[in-house]
Amino acid sequence: DETVLTTLDQSWTEEDRTDPTPAQDALRMCVEQLPPHSQEIVKLRYTEDLSGQSLADRLSKSVNTVYVTLSRIHRRLADCVKTRLAREGISHA
């Protein structure tokens, strides 16, 4: 989901932001709910800005496995963020 990717990029490139958006707050909470291994993958990909190949090398996995895993994580985060925003009455568009 492109919205999740954009929010992830904004969240970690604007760490100094003192007033996070509702989507960033929701994303932060959703990332915290991920299993530790998934949190580590997200951290490596977005805070260390590792490419798919670099991430695969670091995890000793195939690039395809890394992309499938990231896709599942993105889907899970997108669903979580949308649910949280909907509960707060905020559109995720």
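On to the packing of aromatic side chains, then. One pass over the full model with this rule turns up zero aromatic pairs. The ring of Tyr46 has Arg45 sitting right over it, with the charged end atom 5.1 Å from the ring centre.

So, on to the pattern of salt bridges. Counting across every chain of the model gives three salt bridges. Arg45 serves as the salt-bridge partner of Asp49, at 3.6 Å between the closest nitrogen and oxygen. Taking relative accessible area as the criterion, Asp49 reaches 60% and is therefore assigned exposed. The class of Arg45 is partly exposed, set by a relative accessible area of 24%. Here Glu48 makes a salt bridge to Arg58, at a shortest N to O gap of 3.3 Å. Pair noted here: Glu48 is in the loop between helix H3 (36–47) and helix H4 (52–59) and Arg58 is in helix H4, with a separation of 10 residues, a long-range link.

Definitions and cut-offs
Residues numbered from 1 in each chain as written. Predicted model: local features only at pLDDT ≥ 70, side-chain atom pairs only at ≥ 80, totals over all residues. Heavy atoms only, no water. Phe/Tyr/Trp six-rings, centres within 6.5 Å; stacked < 30°, edge-to-face > 60°. Lys NZ or Arg CZ within 6 Å of the ring centre and 35° of its normal. Salt bridge = Lys/Arg side-chain N within 4 Å of Asp/Glu carboxyl O. Buried < 20%, exposed > 50% of the residue type's maximum accessible area, 1.4 Å probe, protein only. Helix = DSSP H or I, 4+ residues; strand = E, 2+ residues; numbered from the N terminus.

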